[in-house]
Structure formats: C-alpha cells, structure tokens
Amino acid sequence: MDYSLKYQERNQGAHKFIMWLAIASSCMIFAGFTSAFLVRKGAGGAWTGFDISSVFSISTFIILFSSATMLVAHIANKKGNLGFASFALFLTFACGLLFCYFQYTGWVYLTNQGFYPAGNPNPSPQFLFVIVIIHAIHVLSGMLFLLIASVKSFMLLKSDKQLVVNPNSNVLQVRTDLLSMYWHFMGILWLYLFGFLYFFL
Amino acid sequence: MFTAVLILLIIALLFFVVLQISKTSDLIDAIKKENNKESHSKSALYFSLIGFGVLIYTIISWITESKKFLPVSASEEGVAIDNLMNFILVLTGIVFILTHILLFYFVYKYHYRKDRKADFYPHNSKLEIIWTTVPAIVMIGIVLFSLSSWSKIFSKQDEGTLAIEVTGKQFAWVVRYPGKDGKLGVRDFTLVNSDNELGVNWNNKNSHDDMLVDEIVLPVNKPVIVHIGALDVIHSFYLPEFRVMMDAVPGVPTKMAFKPTITTEEMRKKLENPDFNYVLACNQLCGSGHYNMQKRVRVVTEDEYKQWLREQKSYYRTVVKPALDDKAAQDTAVVTTNSGNFENTLTTGFSLVGAITNGVENKLIDFLNSNQAVSKDLWFSFDRLLFATGKSTLLPSSQEQLKNIAEILKAYPNVEIKLGGYTDNVGKPEDNLKLSTDRAKSVLNELSKLGVDVKRLSSDGYGQEHSVASNDTDAGRQQNRRIDIRVTKK
Amino acid sequence: MVTSAIENNIDGQAHHHTETFISKYIFSLDHKIISRQFLFAGMAWAVLGGLLSVLFRTQLAWPNETFPVLETLFSTWYTDGILKPEAYNAMITMHGTIMIFFVLTASLTGTFANLLVPFQIGARDMASPLLNALSFWIFILASVFMLASLFAPDGAPSAGWTVYPPLSALPQTSPGSGLGMTLWLIAIALFIISTLMGGLNYISTILNMRTKGMTMYRMPLSVWALFFTAIVGLLAFPVLLSAAVLLIFDRGLGTSFFLSNIVVGGSPLPYSGGSPILFQHLFWFLGHPEVYIIILPAMGIVSEVLAIHSRKPVFGYKAMIFSLLGITIMSFLVWAHHMFVSGMNPFLGGVFTVFTLLIAIPSSIKVFNWLTTLWRGNFHINPASIFAVGFVSLFISGGLTGIWLGSSTVDIRLHDTYFVIAHFHLVMGVAAFFGMFAGVYHWFPRMFGRMMNNTMGYIHFGITFVGAYLIFWPMHFMGLSGVPRRYYHFNEFDAFSQYANMNVIITVVTIIVFITQFIFIFNFFHSMYFGKKAPQNPWNATTLEWTSPVEGIHGNWEGDLPVVHRWPYDYSKPGADEDFIAQTTPLKEGEIESH
C-alpha cells in the first residue's frame, strides 16, 4: 500500500475492500445452498426438474438492465451531475421493484404447475424456493439503500448547499461506489444462480 | 434451606478473607518495591511445583483408574481399534510428559533474574525443519495404521451370516430378527400403525417369519450385520464392549458388521462378576429419555442361540395374521360381495371368466394398471389351480384361470412374468423342491400353449421356503401349496 | 453526535468533537470502548454459562438428592426438588451455545481485535467505526433473543448446541424444540451477522490502515492471529447461516431438507426425501473452523505475552505465521471428523482422518516454538505470564487427545463419550479461557491505565489451573470406560456407574473454580478504579499500543501517526542499551533488521 496516500483516501479504499469481503461472505451462503442442492440431487430418489428459463427470464433481463442504470448513476455522480445521478438511482430502485414483482409472478406460475416448496414429494422446488428467496432478501436490502441514496442525492441537489462539505471528503462518491459494487454483485449472483438452476434443475 | 444459607455465608467469608489478603499483599509489595525485585525465584518455584504436581497427578490417576476402563474387546474388529488406540496412547503419552517437563522446568530454570539477559534467538531453520518433519512422519504412520483398520472394518459389511435389524425410537430399541428365511421383510413408514410399529409390509413374504425380540442374542464367533435405523430422531447404536457404534438416522438406513468373540459367560468369568451383561445404549442425544434406552445383549454358544431362536415367535403369525383373520371373518360376515365376482373385459375384447374379487386376475390387472414399480417381492397367488396329488399334472378345472391369465398377458403385450412354485413342509425338502419346480413349469407350459410367447415367461421352484402360513394346520399347509405369479417387466 | 470516519479524519489527524455520555460510552464508535463493551458482555455471559454448568454438574454428582432451594430459584426446571431430564438437556445445550458463541467467539475476538488491531498496526480506529459499533449492538440484540430462548415457556432449546434435526426441528420430539428453538435460531442468525460485520472490519483494517513502516511482516503475532481468525469466520459462518435458514424452512414451512421417513408417537409425518446428515455437513462446515476461530486469537495473545515476559523474541516468527495459515486452510478440510459414525460414506471417513491428523502438525510447531521462546529467556512471573504458560500446558493436553479422536477407527470407540468432553474442554473450554485471562491481565493497564492486583491473580491462576485438570482429566477415564455424553444420570447402566465418587469430586471442584472466577471479576472491577496507576509502558514492550497515551484518546495519537522501523520482537537484542527496542525506534547505523 502506498503510505503517502492521505489517511482518508486509504480509509475510502478500506470501505470498498469491506464491500468485497461482504460479497465473498455472501457467496459462501449461496455456496452452502448450491452444494446442499447438488448433494440432495446426487443422492438419488425422487427429483423432478423444471426449465427455469420459462419462468425467470424476464427477471434476469430486468436485473441486468438495472445494472446498466446503476452504471449510469455511477458515471453521472463522478461527473458531478447530481440530478441525473439521482434519477438513475431511482430508476435502478424501480427496476428492483419490477424484479421482485416478476419473481413473485414466476412463483405463482410454478405453484400452479404443481411445483410448490412444502409437502411436495419432489424435493427440487424447495431448493429453488430457498435460493430465490434469499437472493430476493439481498436485493430488497440493496433497494433500501438505493432509495436512501437517491433521496439524499435529490435533497442535496435541492438544498443549494455546496456539493462537497470539505474539499477532501467525497462521501457521495464512496457511497455510490459501494452501492454500485453491491448492486452489480446482485446481478452477477443472479446470473450465476440462474445458470446453475438452468443446468441442474 | 439452612444448610444452603450457611454454605453461602462460609463462601462469602472465604471470599472476603482472600480479598483482604490480596490487598494487604499488594501493599506489602509496593513497600518492597515489587518492580525492582532481584529475582522471581520464589514465584517460579511455586509455579513449577504446581505444574509438576499436576503432571504427576495426571500420570498416577491414569494408571490407577485404568482398571475401570472397558475390558478386552468382545468383538474381533474391536481388537484392532484397541491396538491402534494403545499405540496412540504411548506416542501421545511420551509427548505429553516430555513437553510438560520442559515447560515447567524452563519456567523454573529461566525465571527472571535482574542480572541476567535473555538469549536473542529468533529462529533456527534446521531445528524447525526437524520438528516439522518428525511429527509429520509420526502422523502419517498413525494415518496409515488407522486407514488400514478402518477399511478392514468396513469391507466386512456384507459378510454377516446373520442379519438383524435394530430401530431406535424415543425411548427404546425395537429389534427384529429375520427368521428361517434369513431375510427381513420390507418396510414402509407410511404403513405404521398401532399393531405395526415398524411399518412392515405384511404383503411381503419375507416379513412373515420375522420376530420382534426383547434382547439381542448373538451366537459367538459368527459375523453379524446389524441394519440400523430410527423412527423419529437420530439415535445411535452403541455396544461399548464390542467397540461398535453407528448412528441410527431416520430416513437413512445405516449398518455395522462385527463378529462377537467372547460369550457373556466367558466375560463374566474374566471380570469375576456374575452379574455382568453386555448392553446396548443410545449414544446420540435424542430427547429427555436419552439416558434410559438400554437393551440387554447376550453372546451365547451356537446351541444356546438355536434354542433361544426356537423360543421366539413370528410377529406376523402371533399378532398380525390372527388380527387380519379376525377382521376378514368379520368382513365376510357382514359383506358378502367381498368374495363376489371380478368382472373385467380386456382391451382385446376377452371377458374374464369366473374371476373373483381379490383373486389373482384382479390383483394382476390392478398392478399392471398402476404406477407401482416392478418389485422382486410382489407376488400374487393363483386361487383356482388344482394339481393331481403329489404330481405336477394340472387338473382340467384349472383351465379357466389359466385362460384368464393368458388373455391378460395378451392384452398387455410388453409384460413379462415369472411363476413360482411352493409346497408345504410335508416330506423331504428336496422332493418338495422338485415338485414345486415341476408344477411351476407345468403352468408355464400351459400358458405357452394358450398363446403366450414363451420368451415372456420364466418359472422357478422354491420348495417349502417362503411359506405364507403356518405349516402346523391343514388350512395353513393348503395355503402354502401354491403357484405364485410375479411381474418381471411392465 | 454520531459522525463517520470518512467525514472527520482529515489528513489522518485526531479530531475532537463534542460528545454526550450516550455517544461516548453507550453508542461509542471508538474501538477502545467497543472492546470493553464486548469484554463486559462476555463476562456476563460467562457467569451465566458457568452457572448452568454448576447446576447440571450438581445433578450429575447427586442424581438421587433433592434440592428444594434450586426448585425455588428455578421452578420451571425442577420437579419435587429434582432436575427434569429435559431441563438437563436444555442446560447442556445453552451452556455450550453460550460459551462457544457468545463468550469464546464474540467476546474473545471482539475484545482483543478491537483493543489490539488499531493500536498495534498504528491506525486511528477501525476502517469503519460505524460498522464496528453496529457489530456490537447486533450482538446485543442476538444476546437478548438467546436469553429469551432460555426462558421460553415450553422449554429452552434442548437438542444440544449442535441442534441436529429431527430433534431440533420437531417440537413433538422435545418441548424445547418449539418456541425455544425458534428464538435460538433467530439469535444465532443475528449473531452470525454481527460476527461477519466484525470480521469484515478487522480484515480490511489490517490490510488497508497500517501506518507507515508497518509491513505485514512487522505486525505482532496477535494481529496475525486475529487476521486469520477473521478470514476463517468470513468463509465459514455463512454456511451455518444457510443451515439455519434450511432448518427454519423445515420447521416452519413443511419443507424436507433434513427430514424424511419420520414417525413420532406412532404417527407418520409428511416429510420425505430429506437427510439429517446434510444438516450435519453444513453445520460442521462452520462447526470445525469455529473451534479454530476460538483458539487462534488465544494463540496470538499467548505468543505476545510469552515473548514480552521472557524478554525474548518469539521463536520462529515466520513459522508461527505460516502455521497459522496452515491451520486456517486445513480447518476447512476436516469437518466430517465429527461425523465418522454418522452413517456417511465410510470412504469419506478415511479422507477426513488424513486431514485431521495432518492439522496436528502446525499446532505442534507452535507448541515447540513457545517452548523455545521460554528457553534461555528471562521469564517474569506475573498473572499474565503464568496464564500464558498454563495455556500451553492445556493446549498440549487437549490437543494430544485430538489425535486419538482424529483417527476414525479409534473414534468408533470414543465418539460421543466423556473422552470427547475432556478433549474439547481442555483445549477450548479452558485453554482458550486462559488465553483470554492472560490477555486481560496483560492489557489491563492499556485498557484502564491501572494495574490489576497480582495476589488475586495468582490465586485465580492456581485454583483455576489445578481445578481444570481435576475436573476434566478424570473425564478421559470415563470415556475410556465407555460412558456416553449428554446423559442425565448413569444409574440405569451398571457399566457406567463406576464413577459416582469421582463425579462428586468433579462437581465440588467445579463449584470451587466457578466461585474463584469471582475473585477475577472483583479484581477486574476494583482495579479499574483503585488499582495502582500504570506507567506508560508497564511491561517494557515494543509494540505500538504502549506509545499511545495511557488515558486513552480519540484517534489514539496526538499529532501524526507513529512510524515503524522494525519488527516487534527486539527483546534483549545484542548491542542495545535496554532489554527492548520499541518498534518506533529507527535502526542504528549498521544495525540489521532481525527476522
């Protein structure tokens, strides 16, 4: 590490590193679920598969699109264009809402096809359910922070205050960086889970 | 109550005393300028004495208490376990003693003295390599020893001449012996009811001679394999004297094979304890009764074992069948249509003739129409076949049912079947075997004559094995003399 | 006012801002305060956990006696003065849960990581003080739920701290598996989140916030140990969370992850396809690294304490680091040695025996290095240093019996017997505590600017050390005699009843040792206010925490951060004036940096 960096900049880097570590530990939760899935499937016995692309393809598209809007917000923030950044953050939040909605409709469709999690002699839906639910909880928490960030950006814009309180501080930038890392992780994680379920379910 | 208060007061008093001593002692130390002490020799001495005292205690107590440890292994496999364990005891014991001597000695020898300076010795690669490689070699040695005994124990899993089943439940063990056929009946947990705690499938012939017993009795020097399971929560099948332990898991059948080598009597003599008994205990926390799940285990001579076996009764014959018969009698008294006709016109247009409800045609058609998988244990008995006495010639009255079966087979062209011939136990076993084989062949030939492709048919004779009723009664013997049909391909 | 590190640490200068009592002591973001908060919480939990052990040991020593006093105090657990069997199971369950998670994980790591990491690497505070405070307060929330589970109306969780389903999943099999177990699961989920938050902070701080000159190979071993501990926790705890989630689903939603073919009280239940063994795999994937999460910080503390009080460098600094790394990696490869007789594929038994026995190697390297650190040292005797030596003894004793249990073959005989109880108590239940005690006695002057009373410390050590051996050593014998663990009493089996007298002795010693801990607690709180005032560097140590003002200031150093020029173990270096050289002292002309 470069010791000449000001303490504060090192600290901002430290926050980003924390986000990377948090992403790693979140991966471990899903590693636990996916390995339980594979062990159960490998043990034989009743197991009915399902083509997940027929249910969650729209969700996949939406979450990838939301990563794009997040990227837009990130770049806008860097350029100092608060208004646009705030709008893009809100759009990302809206995409999150849409994602959750399509997850819900996907589940309704699955249960109508007899693919329900509990009390089912076929064990595969319960794994699908757990994985999707825990991912959704992660998405919802991300959405909470997205909402806060977009509201705060908007209020800052409206208040005519100086964008930066202190020339050396860049809270907004770090906050958006962290949010953006988390949100892209949500998308990539979903891609991995979708792919895993597509091949193994 | 008074005692409790008194004890608490004494403890509080002791506490107070300790605190006062400590505070005074620190004051004295302050006066004596604790930090400029010449040396810590007194403290070092006390510390080392405590340390060595503890070390001596650990060694002596181990030696004196060792007579309470488990006696010599009562199973063949357990001997290897004990040998490995003793090997590890010696190795770790030596390390334990040496390192502790060094530890407490160093503290004593190298305690602080004002005029001394410590030796600046940050590392020594050679030394570090030695004490990395030596433990590695020792560990690898233990690993190899361990893997070899482990694989021996688990490679014997199917050698058992005796296979018994033990099922754990809250809070007891249910033990099932297989009876003459040496096979345990199939189970299905959805069949559990008050008369059928294990959910045994009574339609499966193997279950008819199974016995539920009060204690586990094993013949000495004969390998036994225990099929272990549980009904409700995880238990563990634990025979301490035999060095046998395996979890009993609901939904995951487990097993453990071993060979008992010392009879209960012999062990009693060895231990000079006429009341000694081997025991089965539960060794996985299973609820409030976990500590009270014992069953007696006895190892006896071959003859004693056979004697004991003769005294055990088949659960099916003593409990289940009478209950079923009673129920059947009640049912027939009330509902006459139970033994009414089974009308069925096959897809080929042929109508069955003279078939009865729950007759072989009924059962066969139901089975072929269902999703049930083909099973080696699912046989249906012909109910209208008659042979000449002691011969394999079919009497003419059998033609009707034979025609029905042949037509059914034509209507389900993919189906393949096997015929089994059975007798009662009257006469010589080898004669019965031949008779049953011939009779089954007869039926096969008839079916073939009636137009069923012989490639779809097979037959076998089982003599007096797989009896479905007790051979002690006329009715039972008549039931045993039968031809069964099984679907081998759907 | 709560402020975050980013906004206030301009140019790395210490920043003063107005604080209320609440922000200074309750919701503090300062690592020094948070460290104390973890310590106090840990002490409270340890007393409760110890009390539970006194109660169930009383049952084991005198199974046929009645205790009306205890029934008055704990009426739901006793009937007619006799402890109920399900209450016994609940006590051992909660004792294990409390001691392992709340005391030895949260409090041990929470106290020492917060106290030592920012100081010893030369940082103003953790990378994210806000996350740090959140980690503590979520731990408190977890504690509230866990305490609630102890008092659940139908019973506290009683399926063992290992909570294997189906026992833990079905209330019909055990009353404590109802509401009590639900609260336990919520508590553990919150606990895991708290621990993960802490770990994230510690790793990021160590990697990103070191001061100038503090390279990785100049960090003290205490920091290295805490670094590896946090990494293990980060990768292992989420898997326990996934096991807990699946168990919650099985309990509440009727799924069958872990349940299949179940008949309770004669009625079949509608679960099929699950496997209880799957739970065990997921649980022990955390469960085993968990015990290393407990022991690694203690090892780091002991390395420091032994070196400082011997006035000698730790022998084999780099070997110590690599053995920590070896333990970290291998701790993920041994989990199924808890499952040798679970019914899993025997082939796996062989695989896990190999790794389990190999993990003994880095542990033994550490023991030899500690012994060599003492050799030819100039060893100061004080409570901190003798607790560190006691740690080494207990770690050797407990660790060696791990070799017995690591062999799958021998485990067939010893699994789930008292031998296992002896093993893990010596190596974790006592050794890790000794590490914690050594750390408290040693760093008390750093925490409170005063010294603890030595005489009380020696009494505390003597009774606890001897007592620990008197309590747990005989349990080896019980295990070798085949006595199973988690038994409410042994009267039903002749084979297991030989130790009635010994059980009485064990219980009496347990009570004495438990009471002795109050001497430590008294010493701790009394010395906080009335202890002898500590000098700036009472142990003449080289590390950075002793260069920060004794009274403790926000931001740790006035003015600039210290700059480091050497490793932390220049004790009794030839050519030096004193028997130690602080890390901040520049190298002399011609002096070579050692290690």
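Residues numbered from 1 in each chain as written. Chains lettered and ligands numbered in written order. Predicted model: local features only at pLDDT ≥ 70, side-chain atom pairs only at ≥ 80, totals over all residues. Heavy atoms only, no water.

Honestly, the domain arrangement of chain B in this entry has me stumped. Any pointers?
Put simply, an interface is often sized by how much accessible area is lost when its parts join up. Residue and element names in this part refer to chain B. Domain annotation of chain B identifies domain 1 (40-113 + 127-155), domain 2 (162-317) and domain 3 (335-489). Inter-centroid distance (C-alpha atoms) of domain 2 to domain 3 is 36 Å. Summed over both partners, the interface of domain 2 with domain 3 buries about 700 Å², with 45% contributed by carbon and sulfur atoms. Among the salt bridges present, the one from lysine 205 reaches aspartate 484, with a minimum N-O distance of 2.7 Å. Counting across the interface, domain 2 meets domain 3 through 1 residue pair in polar contact (both at pLDDT 80 or more). For the side of domain 2 that touches domain 3, a count of residues per class yields 2 nonpolar, 4 polar and 3 charged. (Domains from an automatic or database assignment. Buried area = accessible area lost by both parts, 1.4 Å probe. Salt bridge = Lys/Arg side-chain N within 4 Å of Asp/Glu carboxyl O. Polar contact = N/O pair within 3.5 Å; in protein donor to acceptor, adjacent residues only side chain to side chain. Nonpolar A, V, L, I, M, F, W, Y, C, P; charged D, E, K, R; others polar.)

Explain the interface of chain C and chain B here, please?
Across the boundary between the two partners, chain C contributes 127 residues, which contact 108 residues of chain B. Taken together, the two surfaces of chain C and chain B that pack against each other cover about 10400 Å², and 72% of this comes from carbon and sulfur. At the junction of chain C and chain B, the tally comes to 2 salt bridges. Where aspartate 82 of chain B meets arginine 413 of chain C, a salt bridge forms, and the shortest distance between an N and an O atom there is 2.7 Å. Here chain C and chain B share 30 residue pairs in polar contact (both at pLDDT 80 or more) between them. Among the residues forming the side of chain C that touches chain B, the class breakdown is 74 nonpolar, 41 polar and 12 charged. (Contact = heavy atoms within 4.5 Å.)

What exactly am I supposed to notice about the side chain of glutamate 65 of chain B here?
Summarising the element assignment, glutamate 65 of chain B is placed in helix α2 (residues 41-65). Of the residues examined, glutamate 65 of chain B reaches a relative accessible area of 13% and is grouped as buried. In contact with glutamate 65 of chain B, not counting residues within four places along its chain, are Phe477, Tyr499 and Met502 of chain C. (Helix = DSSP H or I, 4+ residues; strand = E, 2+ residues; numbered from the N terminus. Buried < 20%, exposed > 50% of the residue type's maximum accessible area, 1.4 Å probe, protein only.)

Just checking my understanding: could you explain the confidence of the model for chain C for this structure?
Should pLDDT be low for a region, the predicted coordinates there are not to be read in detail. Residue and element names in this part refer to chain C. On average, residues of chain C score 92 in pLDDT, and 97% of them reach the 70 mark or higher. Put simply, helix α1 (residues 5-8) is where chain C has its lowest mean pLDDT, 38, and helix α13 (residues 383-406) is where it has its highest, 97. A low-confidence stretch, residues 1-15 (pLDDT under 50), is modelled with 34 contacts involving residues beyond four sequence positions or located in other chains. Interface predicted TM-score (ipTM) for the complex: 0.93; the corresponding pTM is 0.84. (pLDDT = per-residue confidence, 0-100.)

How do you make sense of the packing of aromatic side chains when you look at a structure like this?
Each aromatic ring pair is characterised by the separation of its centres together with the angle its planes make. Inspection of every chain in the model, using the stated rule, returns 112 aromatic pairs over all chains. Look at phenylalanine 127 of chain A and phenylalanine 257 of chain C: their rings are 4.9 Å apart centre to centre, the planes differ by 85°, and that puts the pair in the edge-to-face class. Taken together, the positions of phenylalanine 127 of chain A in helix α4 (residues 124-158) and phenylalanine 257 of chain C in the loop between α8 (221-253) and β3 (263-264) put the pair across two chains. When its relative accessible area of 2% is taken as the criterion, phenylalanine 127 of chain A is described as buried. Classification of phenylalanine 257 of chain C by relative accessible area gives buried; the value is 1%. Ring geometry for tryptophan 62 of chain B versus tryptophan 404 of chain C: centroids 6.0 Å apart, planes at 55°, classification tilted. In this pair, tryptophan 62 of chain B sits in helix α2 while tryptophan 404 of chain C sits in helix α13, so the two residues belong to two different chains. A relative accessible area of 16% places tryptophan 62 of chain B in the buried class. (Phe/Tyr/Trp six-rings, centres within 6.5 Å; stacked < 30°, edge-to-face > 60°.)

Would you mind showing me how to read the arrangement of the chains here?
In this assembly, 2 pairs of chains are in contact, and the pair contributing the most contacts is chains B and C. The least C-alpha distance between chain A and chain B, which are not in contact, is 11 Å.

What's the story with the packing of helix α3 (residues 82-112) of chain A against α4 of chain A in this structure? I'm lost.
When two helices pack together, you describe them by how their axes are tilted relative to each other and by the distance separating the axes. Residues and elements named next belong to chain A. Packing of α3 against α4 leaves a shortest axis separation of 9 Å and a crossing angle of 160°. Accordingly, the angle class assigned to the pair α3 and α4 is roughly antiparallel. Here α3 and α4 pass one another in a crossing that is left-handed. Across the contact of α3 with α4, the residue classes tally to 22 nonpolar, 8 polar and no charged. (Axes fitted to C-alpha atoms, helices over the stretch in contact; angles between N-to-C directions. Parallel < 35°, antiparallel > 145°, perpendicular 65-115°, else oblique. Left-handed = near helix turned anticlockwise from the far one by under 90°.)

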